[in-house]
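# What the coordinates show
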Amino acid sequence: MRVPFALSVAISVSLAALSPSQAQQNAQATPAPQASVGGPAKPAAACANPNALGIARTVEIDTTGGPGFGFEHFKQHDFLRRNEVVLTFDDGPWPGTTPAVLKALDNHCVKATFFPIGKHATWYPEILKQVAEGGHTIGNHTWSHKSLVTKKFDEAKMEIEKGASAVAMSAGVPVAPFFRAPVLKHPPEIVTYLGERNMGIFSTDLDAFDFTARSKDRVIENVQKRLARHGKGIILMHDFQKHTAEALPELLDWLKANGYKVVHMKPKESLKTIAEYDEMVRKESKLPTLSGRPTSSVVRTVE
Ligand SMILES: [Zn+2]
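Below is a short write-up of the structure.

Reading guide: rules and limits
Residues numbered from 1 in each chain as written. Predicted model: local features only at pLDDT ≥ 70, side-chain atom pairs only at ≥ 80, totals over all residues. Heavy atoms only, no water. 1 Å grid on protein atoms, 1.4 Å probe; cavity = no way out; pocket = protein on both sides within 12 Å on 5 of 7 lines; lining within 4 Å. Points joined across faces, edges and corners; volume = space filled by probe spheres on them. Helix = DSSP H or I, 4+ residues; strand = E, 2+ residues; numbered from the N terminus. Nonpolar A, V, L, I, M, F, W, Y, C, P; charged D, E, K, R; others polar. Expected span 1.5 Å × (residues − 1). Axes fitted to C-alpha atoms, helices over the stretch in contact; angles between N-to-C directions. Parallel < 35°, antiparallel > 145°, perpendicular 65-115°, else oblique. Contact = heavy atoms within 4.5 Å. Core = buried A, V, L, I, M, F, W, Y, C linked by side-chain atoms within 4.5 Å. Buried < 20%, exposed > 50% of the residue type's maximum accessible area, 1.4 Å probe, protein only. Pairing = 2+ DSSP bridges.

Before going further, it helps to spend a moment on empty space enclosed by the protein. This structure, assessed with the given rule, holds 1 cavity of 30 Å³ or more. Estimates place the volume of the largest cavity at around 30 Å³. Every residue along the wall of the largest cavity is listed here: Phe89, Gly92, Pro93, Phe114, Phe115, Pro116, Leu128, Val131 and Asp239. The set of elements that each furnish at least two residues to the lining of the largest cavity consists of β5 (113–115) and α4 (125–133). Tallied by class, the residues present in the lining of the largest cavity amount to 7 nonpolar, 1 polar and 1 charged.

This is the structure we're talking about:
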């Protein structure tokens, strides 16, 4: 699909390609790199794993005008070098699988980009907060994961905006204006709208097809085959999927052993939600507007 507007995008590299050990030294010399969008500023901890992938580069993405990424649909911005990959995870946050994905990423001292579903974010805000605390980038993936192709424009807009509000409110920290459409379907009027909203659109270069994979080995093979063909790319996976969570430790080991490098994407500016949709989400979800005090402190036997 051709993007119906021509825009320039500024991708600046904030950490030149360093080996993991160099990156580690750099991190040690700089206690708090910057307040990251999608995660609170945290002192950079030394990477405990000597065989970690680490982050080779961090790129900052200016989402003004809604640039599109991922060669399956958008071919304007080819920012990855050979052997570079971006790790992305959709459809979370989810108990069990998302924490397992976070653990595997942490073990390799790498950062990924997550595209959570709004409803899931309101069901499991504490898991989304763990994603933010890990310093990962958090985008959004609509409110309820319905295909935008079958929706009237106003409904599609509501799906996008409620999803964005739900993720931002549940994360509790600034998140990225990065959007991924359910099943990667982008009707032209939605591409135009996302441009007006200054949300970057992320398709994929390389689909792991973990949704249909019946084992962790299959997930690993799918990525290996496609990387052999393309040599680099934005990899689409799902932190919602059990086999992906199981595959990730081995997949990251394989990426390291085969010379692949991880690039971390960060937004230049954080997502600005729309108050009207924040309010809708607040009303419909169980986000904590009520007191979270335990029953024992609320109800007391007095007689
Ligand atoms: Zn999805």
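Now, onward.
What follows deals with helix α5 (residues 153–171). Residues three or four positions apart in an α-helix share a direction because the helix packs 3.6 residues into each turn. With 19 residues, α5 extends 27 Å between its outermost C-alpha atoms, agreeing within 8% with the 27 Å of an ideal straight helix rising 1.5 Å per residue. At the C-terminal side of α5, glycine 172 shows a positive phi close to 75 degrees.

At a minimum axis separation of 8 Å, α4 and α5 run at an interaxial angle of 75 degrees. By the angle class used here, α4 and α5 are roughly perpendicular. Facing α4, whose interface residues are Pro125, Leu128 and Lys129, α5 presents Val167, Ser170 and Ala171. For the contact of α4 with α5, the per-class residue count stands at 4 nonpolar, 1 polar and 1 charged.

Before going further, it helps to spend a moment on the nonpolar core. Grouped together as the largest cluster of nonpolar side chains are 51 residues, with contacts concentrated most on Leu87, Phe89, Leu105 and Leu248. Secondary structure elements with two or more residues in this core: β4 (84–90), α2 (97–107), α4, α5, α6 (188–196), α7 (216–230), β10 (233–238) and α8 (242–257). Excluding residues that lie within four positions of it along the chain, leucine 248 makes contacts with Phe89, Val101, Ala104, Leu105 and Met237. Membership of the second largest hydrophobic core comes to 13 residues, among which are Phe115, Ile234, Val263 and Met265.

The strand order across the open sheet built from 3 strands is β3-β8-β7, with neighbouring strands paired in parallel fashion. The sheet is open, and its two edges are formed by β3 (68–69) and β7 (178–179), each paired on a single side. Where β3 lies against strand β8 (residues 200–202), 2 bridges are found, and the strand directions are parallel. The residue bridging glycine 68 from the neighbouring strand is isoleucine 201, located in β8.

Purely geometric numbers; function is a separate question.
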